[in-house]
Amino acid sequence: MAHIAYVNGRYRPLHSAAVAPEDRGYQFADGVYEVIKVLGGRPRDLERHLDRLARSLAALDIAPPMTRRALESVLHETLRRNQLANALVYLQVTRGTAPRNHLFPKRARPSLVITVRRPAFPSEREREQGVGVITQPDLRWGRCDIKSISLLPNVLARQSAAAAGCREAWLVDREGIVTEGSASNAYIVDAAGRLITHPLNQRILGGVTRSVVLQLARQDGIEVVEQAFSVDQAYAAREAALSSTSSWLLPVTSIDGRPVSNGMPGHVVRRLMALYAAHLGVA
Ligand code: PMP
């Protein structure tokens, strides 16, 4: 069955759907997006995703394309038409279409595109044995808290990771701090069993999965430290992990080719993976 995309008011087969060449998303990456996980036909953590979408739009002074309720019903209708119980929804809003000019157009209407695809969630092997990451310089702009569609540095870092046979690239700033992954948040567990992850600020995207994982950790009595950690701390960590909507929570068992601890997932990350699966009702 052809996948159906929602594009500015119309439902179209994905392969024939199109946006205008002067869409500002295409010309300036002037837009934001969300990726939402759907399990058993239900979008998960939708409130958190729509809250973040609203924050990203407000930060760029892009008007919401429609009310939140309307957006939810379009999302559900797109899902219904695609008939996928498990899916990843990609939702993109740009400032709209206007003659090319850096200045915000006076009258453009925001563009909304929603696509749905079959998810490629992590394999059992990746969940049980963990994944490798490499470190790469963090070359991104100063507002990584906005979920902007401007992802070229992320794309390049991720490509380097793939070339090195790794799942993800951990981005390292000029001070040697691991900010986050190219498309995920980054965590370590120290010798005291504390879960450490970069604090929420303009250097990282506040992941929806991150917010859920930290909440679950605290509820379970795991000490959470929202503090920057260095590459050296990561090399010396007892455990490491990454999280995102599509990757869930995954153990990181090697960094730049060096095994994390004994190279196998540790008990704090395994416990959090189980709690996250239970949160999604798939435990
Ligand atoms: N950081 C970056 C840079 C990302 O692209 C993503 C995934 N979109 C994340 C973190 C994780 O966010 P989430 O858990 O909301 O998918």
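Criteria and thresholds
Residues numbered from 1 in each chain as written. Predicted model: local features only at pLDDT ≥ 70, side-chain atom pairs only at ≥ 80, totals over all residues. Heavy atoms only, no water. Phe/Tyr/Trp six-rings, centres within 6.5 Å; stacked < 30°, edge-to-face > 60°. Helix = DSSP H or I, 4+ residues; strand = E, 2+ residues; numbered from the N terminus. Lys NZ or Arg CZ within 6 Å of the ring centre and 35° of its normal. Pairing = 2+ DSSP bridges. Contact = heavy atoms within 4.5 Å. Salt bridge = Lys/Arg side-chain N within 4 Å of Asp/Glu carboxyl O. Buried < 20%, exposed > 50% of the residue type's maximum accessible area, 1.4 Å probe, protein only.

Undergrad: Got a sec to walk through the packing of aromatic side chains? Specific residues and values, please.
TA: Evaluation of the coordinates by the stated rule reveals 5 aromatic pairs. An angle of 75 degrees between the planes, with centres 5.2 Å apart, marks the rings of F121 and W248 as edge-to-face. Taken together, the positions of F121 in the loop between β6 (111–117) and α4 (124–129) and W248 in strand β15 (residues 248–255) put the pair 127 residues apart, joining distant regions of the chain. One aromatic cluster is present, formed by F121, W248 and Y276 through successive ring pairs. The cationic tip of R81 hangs over the ring face of Y11; the distance from NZ or CZ to the ring centre is 4.0 Å. Directly above the aromatic system of F104 lies the positively charged group of R95, at a separation of 3.5 Å from the ring centroid.

Undergrad: An account of the sheet that holds strand β5 (residues 87–94) is requested, with residue identities and associated values reported.
TA: Note: strands within a sheet are paired through backbone hydrogen bonds, in either parallel or antiparallel orientation. Taken together, 6 strands build an open sheet; the order of strands is β2-β1-β6-β5-β3-β4 and the sheet is antiparallel. Looking along the sheet, the strands with just one partner apiece sit at the ends: β2 (10–13) and β4 (42–43). When strand β1 (residues 4–7) meets β6, the two strands line up antiparallel, connected through 2 bridges. Bridge pairing links Y6 to I114 in β6.

Undergrad: Break down the environment of C166 for me, citing the residues and quoting the values.
TA: On the secondary structure map, C166 appears in the loop between α5 (152–163) and β8 (168–172). Separated by 90 residues in the primary sequence, C166 and D256 place their C-alpha atoms 9.0 Å from one another. Setting aside anything within four residues of it in sequence, one finds C166 in contact with G132, V133, I134 and A161.

Undergrad: Could you give an account of the pattern of salt bridges, naming the residues involved and the relevant values?
TA: Oppositely charged side chains can pair when the atoms bearing their charge come close. For the structure shown, the criterion picks out 16 salt bridges. Across the salt bridge formed by R218 and E226, the nearest N and O atoms sit 2.8 Å from each other. We note a salt bridge from D220 to R271, for which the minimum N-O separation is 2.7 Å. One end of the pair, D220, is in the loop between α6 (208–219) and β12 (224–226); the other, R271, is in helix α8 (residues 267–279), with 51 residues separating them in the sequence. Look at D220 and you get partly exposed, because its relative accessible area is 31%. Through salt bridges with shared partners, a single network forms among R24, D30 and R95.

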